[in-house]
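Per-entry structural report
Listed below, chain by chain, are the residues.
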Amino acid sequence: MANIKTEDEIILFEREMKEFWTKLKSIYGTEQINQTLALRDSCKESIKALSEKWSKKLKEGDLMIDKIQEYNNEILQQSQRISENQEHLTEIKSNLNQEEEQEKDLIDSIRELKEELMKKREIISSKNKAAKERVERLRKSKVLFEERLGLEIRRIHNEQLQFIFKHVDHKDPDKPYMFTLSINEQGDYEVTSCIPPLDCIAEFQLKVRETNNFSAFVANIRKAFTALSCKQSA
């Protein structure tokens, strides 16, 4: 039913168009109609040409917009790369500054270590000099003690000196009385052993450290051994 209705409408439209053209021809004539149709066709061609022209321009405009957008994107990417490079340069500069500070600290530490080493060398040199002087005094005293006090001095392990007294006990002149002496890390005299033991040995040790009078130190120990021998014999 719908198709039949549509066909009827088409037939009716065609009939009306024929009647319209028939009336138009009777009013204006065939020549005027042809001129109107020609003008219409000319307008169509002009409109078509303009449409094509503007369509082309629009396409060119679209291409230009795309190109500009592409340039903008490229500029944005370059800006991002520049920003990243600037951040990287800033980081490198910061690292260089830190390395310069570390280098300065290292130089200062090395300088301080050198100064400390020089001071230690001076202290060691001073101690070595004092030790040599003490050894020399001991050497000079050795002859005196051996001749007058019946003293024998021996060098034993760990750079220690052993002092052996004889002629202390009148009943047994060959009986040895001895003590062992060393110089500690502080450069002071230190008695490491005493046979037979003396209660006053610590006092003698402290006094020789204060006065540095080694001869008196050895003489006092011999006197103490003599007193002990007499006490034991009584």
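In this numbering scheme, every chain counts its residues from 1 along its sequence in written order. Where totals are concerned, whole chains, interfaces and linings use all residues; where local detail is concerned, this predicted model gives features only for residues with pLDDT of at least 70, and gives and counts side-chain atom pairs only at 80 or more. Heavy atoms throughout the structure, all of them, feed into the side-chain values; hydrogens and water do not.

**Brief notes about helix 4 (residues 214-233)**
- Here a strand is any run of E in DSSP of at least two residues, a helix any run of H or I of at least four, and the numbering for each starts at the N terminus. The length a helix should cover is 1.5 Å for every residue beyond the first. Given a rise of 1.5 Å per residue, 20 residues ought to cover 28 Å, and the 29 Å separating the end C-alpha atoms of helix 4 matches this to within 8%.
- Think of it in three bands: residues with accessible area under 20% of the maximum for their type are buried, residues over 50% are exposed, and the middle band is partly exposed, with areas taken using a 1.4 Å probe on protein chains only. When helix 4 is considered as a whole, its buried residues turn out to be Phe214, Phe217, Val218, Ile221, Arg222, Ala224, Phe225 and Ser229. Projected onto a plane normal to the axis of helix 4, the buried residues spread over an arc of 155 degrees and lie on a single side. In helix 4, the exposed positions angled more than 90 degrees off the buried face are occupied by Lys223 and Lys231. Arc definition: it is the arc formed by the directions from the helix axis to the C-beta atoms.

**Overview of the pairing of strand 2 (residues 160-165)**
- With 6 of 6 residues buried, strand 2 lies mostly within the body of the structure.
- Residues Gln160, Gln162 and Ile164 point to one face of strand 2 and Leu161, Phe163 and Phe165 to the other, with burial holding for every one of them.
- Paired strands, as defined in this entry, are two strands with at least two bridges between them according to DSSP. Bridge count between strand 1 (residues 151-156) and strand 2: 6 bridges; the pairing is antiparallel. When the sheet's bridge partners are listed, Glu152 is paired in strand 2 with Ile164.
- Counted along the chain from strand 1 to the antiparallel partner strand 2, the turn is 3 residues long, and its residue Asn158 has a positive phi close to 55 degrees.
- Of the strand pairs in this sheet, strand 2 and strand 3 (residues 177-183) are connected by 5 bridges, and their pairing is antiparallel. Counterpart to Leu161 in the pairing with strand 3 is Leu181.

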